[in-house]
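Architecture at a glance
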Amino acid sequence: MACLAKMEKVIVAMQDPDIGIKMKYQKLLITAIPHAVTGTDIVEWLLQNLSISEEESLHLGDLIVKYGYIYPLKDRKNFVLRADDSPYRFQTPYFWTSYKWPARELDYAIYLAKKNITRQGDLLDYEKDSYNLLHKRINHTWDFVVMQASEQLRAAKQRRKSDRIVLDCQEQAYWFVNRPPPGAINIMESAPKRNNIHTTKVKLKNSAFYKREIEYYKKALTRSRVKSSLSLEGFVKRCDQYLPHDPIVSGCLPCNPWITSGTLFWTLNADIVTIPTRLRVERWAFNFGELLHDPLGHQQFRYFLEREFSAENLSFWEACEDVQYGEQSKVEEKMEAIFEQFLAAGASKWVNIDSKTMEKTLDGLQIPHRYVFEDAQMHIYMLMKKDSYPRYLKSDMYKSILARSIVPPETKKRSFLHPFLSSMVPFLRWHRHSNPGSAQMFYPKDGDGKGKDMTVSQLCRFSHPMANLGVFTGPNIPIHSEDAPSWSQSSLPSFCPGILPAATSPSCSCTDPKSLPLNTDEVSLETQDYTNLEDTKISENKGAEAEEDEFGWTTRC
Amino acid sequence: MPVQSSKVADEGTANAAKARDECRALLDSLNKVTGCYKHLAIGVGGSSDCSNLRDELRRTRERSQDLAGLIRNKLTALLRDRNLGREERAEMERLWVIFSSNLESFQVDMCKVLELGQGFPLSVAKKPLIQTGVSGGTSEVAARALSVQNIAHDTSLDVDNLELDELEEQIETVDRMMENMEMKVNVLRWTVEAKGDAYHSVISNDASSVALLSAEEEMRGSRCCDRERCLVSMLFCTVALIAVVLSVCVVNLA
C-alpha cells in the first residue's frame with residue numbers, strides 16, 4: 001500500500017543523524033533505555049521538515065502511531081499521539097505493518113502461548129478467547145506452537161535486560177496493531193483484496209512461463225483495433241445525436257413518470273399509437289436499426305414496402321429473426337417454412353439473394369441449425385438498408401407521419417397534486433397554447449452535459465416482445481465493438497425503477513416562462529436539424545457499412 | 001522360526017524407536033535454531049543491526065537448512081515405510097506436522113530478512129538504521145542456537161551482500177523442499193492430534209526471569225528488579241550476619 005511506503009520514508013528520515021529527531025533516554029528504575037522520543041518532538045519535527053500546519057502534523061503523527069511505526073511507552077493500550085511529554089519509541093522494521101507479510105495466526109498463537117507461560121495464565125479477556133479459538137483451530141500444530149514459544153523465551157533470556165524489555169514492548173505493540181482488542185480501530189481492515197498471486201510467491205520463471213507469455217502476446221498482436229481518434233470521434237458524434245433523446249440530460253416530455261408518477265409518457269410512447277411523438281419519429285431517421293426495432297416504425301416501414309412491392313424482404317428478415325431467437329424445437333419446421341415461402345424456385349414470396357449466398361444457404365439446409373440463414377438474412381438486411389430505407393425516409397409516408405407527430409408539452413411538476421389532476425394538465429395546457437405543435441424543446445438551464453452517453457432509451461419500447469430479439473444497437477458510426485454491448489446492456493435494465501436518477505430531472509421542475517418565446521425559433525431549427533441529420537445519416541450509412549457488418553451483427557451473441 | 005521372527009520384529013521396532021528418537025532430537029534442535037533465527041531477524045534494520053548480526057543470521061540459516069535436510073530425509077524414509085505400525089505412524093505424522101510448520105515459519109522469516117536486508121543495507125552509509133532502543137549484542141543467542149561456545153566473527157567478509165545473494169536461492173531451495181515433501185508424503189493435517197505438554201519441556205521454573213520480563217508492564221518498580229533486589233538483600237544479610245558474628249566474637253573476646 002502506498003501510504004505504508006510513504007510512512008516508512010518519513011520514519012527513516014526521522015532517523016537521520018543530522019536532521020532527525022533528537023532521542024532521549026527512557027528512565028526505568030535501574031536501567032535507562034535509549035531512543036525514546038516525546039510527542040512534542042515528533043509533532044515539531046513533522047512541522048519543520050514537511051512544511052505542514054500544526055494540525056496536519058498532529059494528524060499525520062497520529063496516523064503513524066496508529067499504523068504501528070511508533071508505539072507509546074506510557075499508555076500502552078492507547079495508540080494515540082499526544083503532543084506533550086509522553087514518550088514513544090520506534091518500531092523495529094521486522095514488526096512494521098505490511099500487507100505483503102500479514103500477521104499469521106500461527107505467530108499470534110506463539111505470542112499468546114509465550115504470554116500465557118510468562119504470566120501463568122493471566123491474559124486479557126479477548127486474548128483468552130483468541131487463545132482458545134486458536135487452540136481449537138490449529139490444534140494439529142499446537143505442539144509446534146508451544147515448542148516455539150518456549151524456545152523463543154529461552155532465546156530471549158540470553159539478552160541483556162534492557163533489550164528484553166524493548167523486545168517485549170515491540171512485540172506487544174505489533175500485536176496490538178495487528179490483532180486489536182475489541183473496540184479499537186483495526187487499521188488492517190481494508191476492502192476485499194484481489195487475489196493477486198504474484199505478490200506472494202517468488203515467481204518461477206521457467207520455460208513454460210515464457211512460452212505462455214509469448215503465446216499471449218502473439219494473440220494480442222493480431223487483435224483488430226480501432227484508432228482511438230476514430231472511435232472517440234464516433235462516440236462524440238453519437239452522443240451529440242442522441243442528446244435530445246436522453247431523458248436524463250434533455251428532460252422527458254411531458255413529464256418523467258418516475259418523478260411525477262404520471263404515466264402520460266408511456267401512453268404517448270406506447271408500441272402502436274396513432275400519433276407518435278416527434279422525437280420518436282426523428283429517431284427512425286438515425287439508422288435502419290432504430291426504424292426496425294421501433295414497433296411503430298416497423299409497421300410503417302412494412303406499409304411502405306407493401307406499396308413498393310418489396311415487402312417479402314421484410315417478411316424474410318422477420319422470419320429469420322424468429323428462427324434465430326425462437327424455440328429450439330421449432331427450428332426445423334420454421335426452416336422448412338422459410339425455404340418453401342422464400343427461397344424455393346417459384347416461391348410465393350421469393351427474395352432476391354445473390355447466387356453465392358443462395359448456394360451456401362441451400363447447402364446449409366442439410367444440417368439445420370439456427371444460424372443457417374445468417375448470410376442470407378444479412379444480405380437482405382443490407383439490401384433493405386441501402387435501397388428501401390433511404391427511399392422511405394424521402395417518401396411522403398414518412399414526411400406525413402413526421403408532420404403529424406406531436407411534441408407533448410411539458411407539464412408542471414405536480415407530484416403532490418391529485419394524480420387525476422396531473423393527467424388533466426396537458427389538455428389544459430393545450431387549450432392555453434393555440435399552437436399544438438409548439439416545439440417546446442426545453443433544454444435544461446444548466447445545460448451541463450452530465451456526460452451520460454448511455455441513452456436510457458424510450459422505456460415503453462422495451463416491453464414489446466420484439467425487444468427480446470437481441471437489442472440490435474448496431475451503430476452505423478464506427479465505434480469500437482466494445483461500446484455497443486455495454487450500451488445495449490445498460491438500456492435493458494432501464495425499466496426497473498430507480499435506474500432513472502433520483503436526482504430531479506431539471507425538465508420536470510416548474511416551467512420556465514422564458515421557454516415560451518423559443519417556440520417559433522425552435523420549430524424552424526428543428527426542421528433544419530432534421531434534414532441535416534437525414535443527410536448525414538444517409539452519407540454515413542453509405543460510408544460506414546463495412547463497420548456495421550462487423551459491429552452491428554456481432555454484438556448479438 | 002517364530003523365535004527368530006520375533007527377534008527380527010523386536011529389532012525392527014527397536015530400529016524404529018531409535019529412528020524416532022533421532023528425529024525428535026533433530027526436530028528439537030531445528031526448533032531451537034529457527035527460534036533463534038526469528039529472534040535475530042527481529043533485529044534487522046534496528047539499532048542493533050551490524051555485520052555481526054548478519055553473519056549470525058547467515059550461520060543460523062545454514063544450520064537450519066542442514067538440519068531440515070536431515071530431518072526431511074529421515075521422516076520421508078520412515079513415513080514411506082509401509083510396515084509402520086499405526087501408533088508409530090501417528091507419531092511420525094505429528095513430527096511431520098511440526099517439521100513443516102517449522103519450515104514454513106523459517107521460510108517466511110527468510111523472506112522478511114531478505115526484504116529488510118535489501119531495505120537497510122549496511123554498506124551504504126547514507127541510510128540510517130532505525131533507532132529502536134535495542135543496544136545489546138545477539139552473540140549469545142546465536143551461540144546457544146549453534147551450540148558453540150563463542151562465535152568468532154570474520155570481519156573481513158562482506159557479509160551483507162554475501163548473505164543477500166545467497167538468500168534468494170536458499171528461499172527457492174526451501175520452497176522446493178516443501179513442495180517435494182508434500183508430493184512424496186501425504187499427511188492429513190487434520191488427523192494429527194497434538195500431544196500436549198508431555199513431549200516438550202516447559203520452562204516455568206525460572207520465576208525471577210518471569211518477573212523481569214513483565215518489568216515494563218508495571219513501571220511502578222515494586223516488582224521491577226527482583227533479582228537485583230534478591231542479590232542485594234542477600235548481600236545485606238550476609239554482611240549483617242558477618243557483623244553479628246564479629247560482634248559476638250568481640251564480645252566473647254572482651
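Placed above this text is the structure.
Between chain B and chain A, the contact holds 69 residues from the first and 65 residues from the second. For the chain B and chain A pair, buried surface summed over both sides reaches about 6200 Å², with 61% attributable to carbon and sulfur atoms. Inspection of the region where chain B meets chain A yields four salt bridges. Inspection of the chain B/chain A interface yields 14 residue pairs in polar contact (both at pLDDT 80 or more). Those elements giving two or more residues to the side of chain B that touches chain A turn out to be α1 (2-42), α3 (86-119), α4 (139-146), α5 (159-184) and α6 (207-213) of chain B. Here the residues of the side of chain B that touches chain A sort into 27 nonpolar, 22 polar and 20 charged.

A few words now on the packing of helix α15 (residues 295-308) of chain A against helix α19 (residues 374-394) of chain A. Residue and element names in this part refer to chain A. Orientation of α15 relative to α19, taken along the N-to-C sense of each, is 100 degrees, at an axis distance of 10 Å. Considering their axes alone, α15 and α19 lie roughly perpendicular with respect to each other. Contact residues: Gln 300, Phe 301, Phe 304, Leu 305 and Glu 308 in α15; Met 384, Ser 388, Tyr 389, Arg 391 and Tyr 392 in α19. Each residue belonging to the contact of α15 with α19 can be placed in one class, and the counts come to six nonpolar, two polar and two charged.

Right, let's talk about the sheet that holds strand β1 (residues 24-27) of chain A for a bit. Residues and elements named next belong to chain A. Strands sit in the order β1-β2-β4-β3 across an open sheet of four strands; the sheet is antiparallel. Each edge of the sheet is formed by a strand with only one pairing partner; in this case those strands are β1 and β3 (70-72). Strand-to-strand twist of the sheet, defined as the mean angle between neighbouring strand axes without regard to direction, takes the value 55 degrees. Of the pairings in the sheet, the one linking strand β2 (residues 32-38) to strand β4 (residues 87-90) comprises two bridges and is antiparallel in character. Bridging across to β4, Thr 38 finds its partner in Pro 87. Helix α2 (residues 39-50) contacts β1, β2, β3 and β4 of the sheet and is inclined by roughly 50 degrees relative to β2.

Before going further, it helps to examine the environment of His 369 of chain A. Residues and elements named next belong to chain A. The topology assignment puts His 369 in the loop between α18 (355-364) and α19. According to the relative accessible area criterion, His 369 is partly exposed, its value standing at 38%. Between the C-alpha atoms of His 369 and Glu 332, which are 37 residues apart in sequence, the distance is 7.5 Å. Among all residues touching His 369, those that are not within four sequence positions of it are Val 331 and Met 335.

The next point concerns the pattern of salt bridges. Once the charged atoms of two side chains with opposite charge are near each other, the side chains can pair. Residues and elements named next belong to chain B. Evaluation of the coordinates by the stated rule reveals 33 salt bridges over all chains. With a shortest N-O distance of 3.2 Å, Arg 20 and Glu 88 are connected by a salt bridge. Placement of Arg 20 in helix α1 and of Glu 88 in helix α3 is noted, with a sequence separation of 68 residues between them. When its relative accessible area of 22% is taken as the criterion, Glu 88 is described as partly exposed. A salt bridge links Asp 55 to Arg 58; the shortest N-O distance between them is 2.8 Å.

Consecutive residues of a regular strand have side chains that alternate between opposite faces of the sheet. All names here are of chain A. Of the two faces of β4, the one lined by Pro 87 and Arg 89 and the one lined by Tyr 88 and Phe 90 are each fully buried. By the bridge criterion, three bridges tie β3 to β4 in an arrangement that is antiparallel. Bridge pairing in β4 links Ile 70 to Phe 90.

Turning our attention to the packing of aromatic side chains. Tallied over the entire structure, the rule returns 27 aromatic pairs over all chains. Taken together, a centroid distance of 5.1 Å and an interplanar angle of 50 degrees make the contact between Phe 288 of chain A and Tyr 389 of chain A tilted. Of this pair, Phe 288 of chain A sits in helix α14 (residues 288-293) while Tyr 389 of chain A is found in helix α19, placing the two residues 101 residues apart along the sequence. Residue classification places Phe 288 of chain A among the buried residues on the basis of a relative accessible area of 1%. Looking at Tyr 389 of chain A, the relative accessible area reads 0%, which means it is buried. Among the aromatic residues, those joined into a cluster by ring pairs are Trp 284, Phe 288, Phe 301, Phe 304, Trp 317, Tyr 381, Tyr 389, Tyr 392 and Tyr 398 of chain A. The ring of Tyr 108 of chain A has Arg 179 of chain A lying over it, and the distance from NZ or CZ to the ring centre is 5.4 Å. Of note, Lys 112 of chain B hangs over the ring of Tyr 94 of chain A, and the distance from its end group to the ring centre comes to 4.3 Å.

So, on to a negative patch on the surface. Side chains of Glu 332, Glu 333, Glu 336 and Glu 340 of chain A sit close together on the surface and give a patch of like negative charge. Checked against the element boundaries, Glu 332 of chain A lands in helix α17 (residues 331-343).

Next up on the list: helix α20 (residues 396-404) of chain A. Residues and elements named next belong to chain A. Residues of α20 that are buried include every one of Met 397, Tyr 398, Ile 401 and Leu 402, and no others. Looking straight down α20, one finds its buried side chains confined to an arc of 130 degrees; they lie on one side. Turned more than 90 degrees away from the buried face of α20 sit Asp 396 and Ala 403, all of them exposed.

Reading the values: the criteria
- Residues numbered from 1 in each chain as written.
- Chains lettered and ligands numbered in written order.
- Predicted model: local features only at pLDDT ≥ 70, side-chain atom pairs only at ≥ 80, totals over all residues.
- Heavy atoms only, no water.
- Contact = heavy atoms within 4.5 Å.
- Buried area = accessible area lost by both parts, 1.4 Å probe.
- Salt bridge = Lys/Arg side-chain N within 4 Å of Asp/Glu carboxyl O.
- Polar contact = N/O pair within 3.5 Å; in protein donor to acceptor, adjacent residues only side chain to side chain.
- Helix = DSSP H or I, 4+ residues; strand = E, 2+ residues; numbered from the N terminus.
- Nonpolar A, V, L, I, M, F, W, Y, C, P; charged D, E, K, R; others polar.
- Axes fitted to C-alpha atoms, helices over the stretch in contact; angles between N-to-C directions.
- Parallel < 35°, antiparallel > 145°, perpendicular 65-115°, else oblique.
- Pairing = 2+ DSSP bridges.
- Buried < 20%, exposed > 50% of the residue type's maximum accessible area, 1.4 Å probe, protein only.
- Phe/Tyr/Trp six-rings, centres within 6.5 Å; stacked < 30°, edge-to-face > 60°.
- Lys NZ or Arg CZ within 6 Å of the ring centre and 35° of its normal.
- Patch = residues over 30% accessible without salt bridge, like charges linked within 9 Å, V, L, I, M, F, W, Y side chains within 5 Å.
- Areas by Shrake-Rupley, 256 points an atom, 1.4 Å probe, with all protein chains shown as cover.
- Lys, Arg positive; Asp, Glu negative; His and termini not counted.
- Charge placed at Lys NZ, Arg CZ, Asp CG, Glu CD.
- Arc of directions from axis to C-beta.

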